Amino acid sequence: PRPLPAPVFHLLSTLYKLHINTMKAAVLALALSLTPVAAEAWAPRPMPSLHKSAPMRAEAAVAVTGGSDARAGPAGVYDAAVTLGAGKAATPISKLIPLSFLSGAHIALGAMLAVSVGGSVPGIKAANPGVQRALLGVMGLPMGLLMVLGAGGELVTGNMAVCTAAYKAGKASLSDLCRNLGTVYLGNFVGSLAVAALGAWASTGVTGGAIAVATGKVSGTFGAAFARGVLCNWLVCMAVWMATSQKDLISKAAAVFFPISGFVAMGLDHSVANMFLIPFGIFCGAEITWADMVMKNLVPVTLGNLVGGAVFVAAAYHSAYGK
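As the structure is a computational prediction, the values presented were derived from the model and not from experiment.

What counts and how
Residues numbered from 1 in each chain as written. Predicted model: local features only at pLDDT ≥ 70, side-chain atom pairs only at ≥ 80, totals over all residues. Heavy atoms only, no water. Helix = DSSP H or I, 4+ residues; strand = E, 2+ residues; numbered from the N terminus. Buried < 20%, exposed > 50% of the residue type's maximum accessible area, 1.4 Å probe, protein only. Areas by Shrake-Rupley, 256 points an atom, 1.4 Å probe, with all protein chains shown as cover. Patch = residues over 30% accessible without salt bridge, like charges linked within 9 Å, V, L, I, M, F, W, Y side chains within 5 Å. Salt bridge = Lys/Arg side-chain N within 4 Å of Asp/Glu carboxyl O. 1 Å grid on protein atoms, 1.4 Å probe; cavity = no way out; pocket = protein on both sides within 12 Å on 5 of 7 lines; lining within 4 Å. Points joined across faces, edges and corners; volume = space filled by probe spheres on them. Nonpolar A, V, L, I, M, F, W, Y, C, P; charged D, E, K, R; others polar. Phe/Tyr/Trp six-rings, centres within 6.5 Å; stacked < 30°, edge-to-face > 60°. Arc of directions from axis to C-beta. Core = buried A, V, L, I, M, F, W, Y, C linked by side-chain atoms within 4.5 Å. Contact = heavy atoms within 4.5 Å.

## Remarks on the overall build of the protein
Secondary structure summary: the protein contains 14 helices and zero strands in total. Within the span of the protein, comprising 323 residues, buried residues form 40% of the whole. Approximately 16900 Å² of the protein is accessible, and the part contributed by carbon and sulfur atoms is 73%.

## Topic: a nonpolar patch on the surface
Together, L231, W234, V311 and F312 line one region of the surface with nonpolar side chains, adding up to about 340 Å² of accessible area. Breaking the nonpolar patch down by element, the ones donating at least two residues are α11 (222-244) and α14 (290-321). As for its placement among the helices and strands, F312 is situated in helix α14. Relative accessible area serves as the criterion here: at 35%, F312 is assigned to the partly exposed category.

## Looking at empty space enclosed by the protein
This model, assessed by the stated rule, comprises one cavity of 30 Å³ or more. Residue lining of the largest cavity: I107, L141, L145, L155, V236, I260, F263, H270 and A273, and that is the complete set. Of all the elements in the fold, those that place two or more residues in the lining of the largest cavity are α7 (141-151) and α12 (249-265). Split into classes, the residues belonging to the lining of the largest cavity amount to eight nonpolar, one polar and no charged.

## Remarks on the pattern of salt bridges
Taken as a whole and assessed by the stated rule, the structure comprises six salt bridges. R71 serves as the salt-bridge partner of D79, at 2.7 Å between the closest nitrogen and oxygen. Taking relative accessible area as the criterion, D79 reaches 10% and is therefore assigned buried. If you follow the salt bridges from partner to partner, you end up with K217, R228 and D269 in one network.

## Notes on the packing of aromatic side chains
The full count for this structure, using the stated rule, is seven aromatic pairs. Ring plane angle 20 degrees and centroid distance 5.3 Å describe the contact between W241 and Y317, whose orientation is recorded as stacked. Placement of W241 in helix α11 and of Y317 in helix α14 is noted, with a sequence separation of 76 residues between them. For the pair F257 and F258, a centre-to-centre distance of 5.1 Å together with 85 degrees between the ring planes defines the contact as edge-to-face. With relative accessibility at 62%, the residue F258 sits in the exposed group.

## Comments concerning α7
Where α7 is concerned, the buried positions are L141, P142, G144, L145 and V148. Seen from one end, α7 has its buried residues packed into an arc of 160 degrees, which puts them on one side. Phi for G152, located one or two positions after α7, is positive at around 95 degrees.

## Comments concerning the layout of surface pockets
If a probe the size of a water molecule is rolled over the atoms, the empty space left behind becomes visible. The computed volume of the largest pocket comes to approximately 670 Å³. In terms of lining residues, the largest pocket is bounded by 29 residues, among which K125, Q132, L136, V213 and K217 are the most central. Listing elements by their share of the lining of the largest pocket, those giving two or more residues are α4 (93-116), α5 (122-127), α6 (129-138), α10 (207-217), α12 and α13 (271-283). In terms of residues, the lining of the largest pocket owes the most to one element, α10, which gives six residues. Among the residues forming the lining of the largest pocket, the class breakdown is 15 nonpolar, nine polar and five charged. Elements that contribute at least two residues to the lining of the second largest pocket include exactly α2 (53-65), α3 (73-89), α7, α8 (156-168) and α11. Counted by class, the lining of the second largest pocket contains eleven nonpolar, eight polar and four charged residues.

## Details of the nonpolar core
Membership of the largest hydrophobic core comes to 59 residues, with the highest contact counts inside it found for L145, W241, F276 and F280. Every residue in contact with F276, bar those within four places of it in the chain, is listed here: A108, A111, M112, S192, V195 and A196.

Structure representation (structure tokens):
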């Protein structure tokens, strides 16, 4: 190769020497700046005193209910649910509307995931229906309820338990209880319906599963739908009840996962999830009327959900732990 011209060679040599000197100065400055940081990192620290663990546990117990007279164990969980329900019952309608819309949409997104996975495997359903039911339960609604509880929201089925508990404990009036449940029910419906319309418009390739699930929801008797609603919300409200006293997202997720995946796998009915599942099927082409949706599903399932949450959770725990 041809040698570089002398002026170019001298210029490159000068730049190289300048670069080396600059790097040396930067490394020296970095070392000097890190000296106090390293000294602090390696400095010995006193061991924590073990005798402080009892006060820490006491502070955690107080944090569950927010008072110095907090009770421990299941009684404390009941107190936390009453406190939560009293706050929800007192929430103004201006806040209930957006929160209930979001919660309906979040449950609908979870239900859409369930249809997209567990509801779209007809081969597995025919060969091994238990596996299909488990898949339907695990993938979907646990995600929806975790979004509601983790980000904050208003879900009518959970409120049937916690707001009723507050009413039974004298922390909420009957009018506030009814105002909350009525407003949140309508908000949940609008949020679920919006996601159903968007999901059908999105054309994600789950038409067959959506139609099959929706058709199954209106095929039973009024009594069967009512019983499925009772059992479903018993489990849903247990999930909400247990998650109420948990402060971190992982603990809330653990409280939610088994009851919610369980009720879906057992084929039970959740009114808010059905506010998405049936319209989604209708939008995808299911031969179901809106009157069928209301009379054959939403009415009996909602009544069953109310009994499951208000009687078998709120009233039962009030009789055990109410002050």
